[in-house]
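# Close look at the chain arrangement
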2 protein chains.
Amino acid sequence: MSRPTQYQRDTALEAAMQVFWQKGYHATSLKDLEAALEMKPGSIYAAFSNKENLYLLSLDRYFDRSLTRFQALMDDAPSALAGLADHLRGFAKMPPQDHARQVCMLTKTLVDTTNTDPEIAARTKAYLERIREAFTAAFERAKAEGELPPDADCARLARRFQASISAIRFELHLGTDPEDITALAEDFAREIEALRQDT
Amino acid sequence: MSRPTQYQRDTALEAAMQVFWQKGYHATSLKDLEAALEMKPGSIYAAFSNKENLYLLSLDRYFDRSLTRFQALMDDAPSALAGLADHLRGFAKMPPQDHARQVCMLTKTLVDTTNTDPEIAARTKAYLERIREAFTAAFERAKAEGELPPDADCARLARRFQASISAIRFELHLGTDPEDITALAEDFAREIEALRQDT
DNA sequence: TGGGTTCTTGAGTGATTGATCAAATAATAT
DNA sequence: ATATTATTTGATCAATCACTCAAGAACCCA
């Protein structure tokens, strides 16, 4: 056996991401990883160096996927504000058994590691910022398309938008009644739509 | 030495709450607790049974304090909505070195323990609910005092209010620029004030 | 001062942590 | 088929985990 087999590595990373996302960095043990990746300790270390590095790779994966999905949604959206509102409603619409029905992995990571693992926290912070920049860009697009007034503070709106997502996802994490979550998402989505100026 | 010395126990619990709040349940080791409480392992176990129990006691303490402070603020408020808006602005106004400049301990606990320690998570969920109930009651008071229209959905407003707090505190946790945090809190506070109907 | 009780001490418990590596296995090259 | 290289294996490592307990210190009342 000589090929690194990209597919196998990808599958393993996906599994690692899932366990880490579920249990968090500190609560995930090597035993957990061995079970999830179906790999013995030696193989894990040969492939991913150590636990922290594996976590960082999982974070990369999560970040790439999140950003890509958002961009895809925005590309298909009839208007920037419509896309943003849709993004919020999308979280509430996730099927009940969806593994993503929980708090954002970046948020969770920061809560978990800010005061204990500076390296992980720093990278995560950077990722959260880049996602917020994507939100800012989306609001800028809304402005360019005349949906928002020229004096709208896009960075400020982006921060609020990110906060709305965190709030919805935290409720998903809690297992709050789907109706209540839909109501919350609806509130936030309408706030976005209410920004639209008549043209 | 025969007295349990309520004062000493209280001091120890306060210290425990602080470490746990800072590092989280899983990342806090007994060594950390020994250092923080200035107690040897034997004494800790004699006084608090075990780590989980000590954590639960810390949670109790945190919850009691949070609720009490909110109630005190509401009692002094000129009106219910004013008190609620003030509560939001208060987080942004916390001094830079304040140890409470971080995510809510209940939120952190749920992120940290939902998929690993059901007992802790359950109690924490109950506490968060009770706090939200206090928020609901505050909105009800606003309604009774004519600040809100009779058909206002107080439970829904309370959930959004709680979400706003989480968002602000998460930014505190991240160490976001104080100006940006003030702006975010201001946005949320004005949303509350905008609910006021003219009487 | 002395006897009795309570509380504190910290070395030590077994279990588990993240991590290692020589040996075994599998794949390719010859 | 054989030699060479690449990969996987799992027993094992030291360190740390949450936790215990026999021994000593600190207190009380006599």
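An unreviewed UniProt entry annotates chain A as Transcriptional regulator, TetR family originating from Celeribacter halophilus.

### Observations concerning the packing of helix H3 (residues 41–48) of chain B against helix H4 (residues 51–76) of chain B
Residues and elements named next belong to chain B. At a minimum axis separation of 9 Å, H3 and H4 run at an interaxial angle of 60°. The angle between H3 and H4 places the two elements in the oblique class. By crossing handedness, the relation of H3 to H4 is classed as left-handed. Side by side, H3 and H4 meet where Ile44, Tyr45 and Phe48 of the first sit next to Lys51, Asn53, Leu54 and Leu57 of the second. Its residues assigned to classes, the contact of H3 with H4 shows 5 nonpolar, 1 polar and 1 charged.

### Points about the relation of the copies chain B and chain A
Screw-axis analysis of chain B against chain A gives a translation of 0.0 Å along the axis, an RMSD of 0.0 Å, and a rotation angle of 180°. Read as a symmetry element, the transformation amounts to a two-fold axis. Rotation axis and chain B: the residue whose C-alpha lies nearest the axis is B:His26, separated from it by 3.0 Å. Comparing interface residues between copies, 100% of those in chain B also lie at the interface in chain A; the contact surface is shared.

### Considering the environment of A:Lys51
Residues and elements named next belong to chain A. By the element assignment, Lys51 lies in helix H4 (residues 51–76). In this structure the C-alpha to C-alpha distance between Lys51 and Thr28, which are 23 residues apart in sequence, comes to 9.4 Å. Among the polar contacts made by the side chain of Lys51, one reaches the main-chain carbonyl oxygen of Thr28 at a distance of 2.8 Å.

### Describing the nonpolar core
In this structure, A:Phe139 and B:Phe139 are the most contacted members of the largest nonpolar core, which totals 134 residues. Those residues within four positions of A:Phe139 in sequence are excluded, and the remaining contacts are A:Leu81, A:Leu84, A:Leu148, A:Cys154, A:Leu157, A:Ala158, A:Phe161, A:Ile192 and A:Leu195.

Reading the values: rules and limits
Residues numbered from 1 in each chain as written. Chains lettered and ligands numbered in written order. Predicted model: local features only at pLDDT ≥ 70, side-chain atom pairs only at ≥ 80, totals over all residues. Heavy atoms only, no water. Axes fitted to C-alpha atoms, helices over the stretch in contact; angles between N-to-C directions. Helix = DSSP H or I, 4+ residues; strand = E, 2+ residues; numbered from the N terminus. Parallel < 35°, antiparallel > 145°, perpendicular 65-115°, else oblique. Left-handed = near helix turned anticlockwise from the far one by under 90°. Contact = heavy atoms within 4.5 Å. Nonpolar A, V, L, I, M, F, W, Y, C, P; charged D, E, K, R; others polar. Least-squares fit on C-alpha atoms with pLDDT ≥ 70 in both. Polar contact = N/O pair within 3.5 Å; in protein donor to acceptor, adjacent residues only side chain to side chain. Core = buried A, V, L, I, M, F, W, Y, C linked by side-chain atoms within 4.5 Å. Buried < 20%, exposed > 50% of the residue type's maximum accessible area, 1.4 Å probe, protein only.

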